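Here is how the chains run, residue by residue.
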Amino acid sequence: MDPLRRLRLCLCLCLPLLLPPPAAPAPAPARPRPPRTDWAACRNLARELSQLVANLKEPHRVLEDTYLSEEDPKNWPPRIRCSDACDPSTLDTNNTRCLRRILQGLRHYRDLLGSDIFTARPLPRLETTLDQLLGLVQQEHSCPPRHPMAPSEAWAHPLLQRLALQRLQSFTAVMSRVFTHSASPR
């Protein structure tokens, strides 16, 4: 064999030894995990919200001792029901359905507090606390825009306010229990 050919063959065989070793395959980009719910913060804000609603003074003394029990056949506003899986045994294993219901309720009350019903009686501390809690709960879910509520007659505002705040108080009591259970160490 020709010496020049032999040199070429030797260089071709030795060339891979001169190259750096192949790089390890790049790891697949990890999908970002949604942030986990901060149960303790939710518990604290739910308690604060519950206290704020409970401590509101009724501006119309006639309505002070009135409990309105209008039932909406469409289950609106949202209420936490047994079928929402908010019981302690289910919360420990899968809390998605319960959090969705709570999120639905918080969004509804946020929209309600921003509606014309509360124009004459704004409740900024209540709205702020509700927005903070909503921000914590919806970390794992998309954040839809506010839905404007249908306008109502001005004469009905005091009654509608009373009804809305009674239902919000009931909702926050159950929601607070859910967060208290979830925040407790196990």
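This text follows the structure it describes.
S.K.: Describe the state of the cysteines, and please don't skip the residues or the numbers.
M.R.: Scanning the model with the defined rule gives one disulfide in all. There is a disulfide in this structure between cysteine 86 and cysteine 98, and the S-S distance comes to 1.9 Å. With the S-S dihedral at roughly 110 degrees, the linkage between cysteine 86 and cysteine 98 falls on the right-handed side. Remark: cysteine 98 occurs in helix α4 (residues 96–113) and cysteine 86 occurs in the loop between α2 (39–54) and α3 (88–93); sequence separation between them is 12 residues. For the pair cysteine 86 and cysteine 98, a shared accessibility class is recorded, and that class is buried. For the unlinked cysteine cysteine 82, the closest cysteine sulfur is that of cysteine 86, found at 9.5 Å. On the basis of relative accessibility, which here comes to 80%, the residue cysteine 82 falls in the exposed class.

S.K.: Which residues make up the packing of aromatic side chains, and what values go with them?
M.R.: By the definition in use, this model includes two aromatic pairs. On the numbers, 5.8 Å between centres and 45 degrees between planes, the contact of tryptophan 39 with phenylalanine 179 is tilted. On the criterion of sequence distance, the pair formed by tryptophan 39 in helix α2 and phenylalanine 179 in helix α6 (residues 157–183) is long-range, its members being 140 residues apart. Of the residues examined, phenylalanine 179 reaches a relative accessible area of 0% and is grouped as buried. Arranged with centres 5.7 Å apart and planes meeting at 45 degrees, the rings of tyrosine 109 and phenylalanine 171 form a pair that is tilted. Pair noted here: tyrosine 109 is in helix α4 and phenylalanine 171 is in helix α6, with a separation of 62 residues, a long-range link. Given the relative accessible area of 4%, phenylalanine 171 is considered buried.

S.K.: Give a description of the side chain of histidine 157 that names residues and reports values.
M.R.: On the secondary structure map, histidine 157 appears in helix α6. Leaving out residues up to four positions away in the same chain, histidine 157 has contacts with Asp116, Ile117 and Ser152.

S.K.: Give a detailed account of unusual backbone geometry, specifying residues and quantitative values.
M.R.: Look at alanine 85: it is not a glycine, yet its phi comes out positive at around 60 degrees. Mapped onto the elements, alanine 85 comes out in the loop between α2 and α3. Residue classification places alanine 85 among the buried positions, given a relative accessible area of 11%.

S.K.: So what's going on with α2? Residues and values would help.
M.R.: Between its first and last C-alpha, α2 extends 22 Å over 16 residues, near the 22 Å set by a 1.5 Å rise per residue. Three or more residues of α2 are buried, namely Trp39, Cys42, Arg43, Leu45, Ala46, Leu49, Ser50, Leu52 and Val53. Among the structural elements, α4, α5 (124–137) and α6 are those in contact with the buried residues of α2.

About the thresholds
Residues numbered from 1 in each chain as written. Predicted model: local features only at pLDDT ≥ 70, side-chain atom pairs only at ≥ 80, totals over all residues. Heavy atoms only, no water. Disulfide = S-S within 2.5 Å. Helix = DSSP H or I, 4+ residues; strand = E, 2+ residues; numbered from the N terminus. Buried < 20%, exposed > 50% of the residue type's maximum accessible area, 1.4 Å probe, protein only. Phe/Tyr/Trp six-rings, centres within 6.5 Å; stacked < 30°, edge-to-face > 60°. Contact = heavy atoms within 4.5 Å. Expected span 1.5 Å × (residues − 1).

Don't take any of this as a statement about function, it's just geometry.
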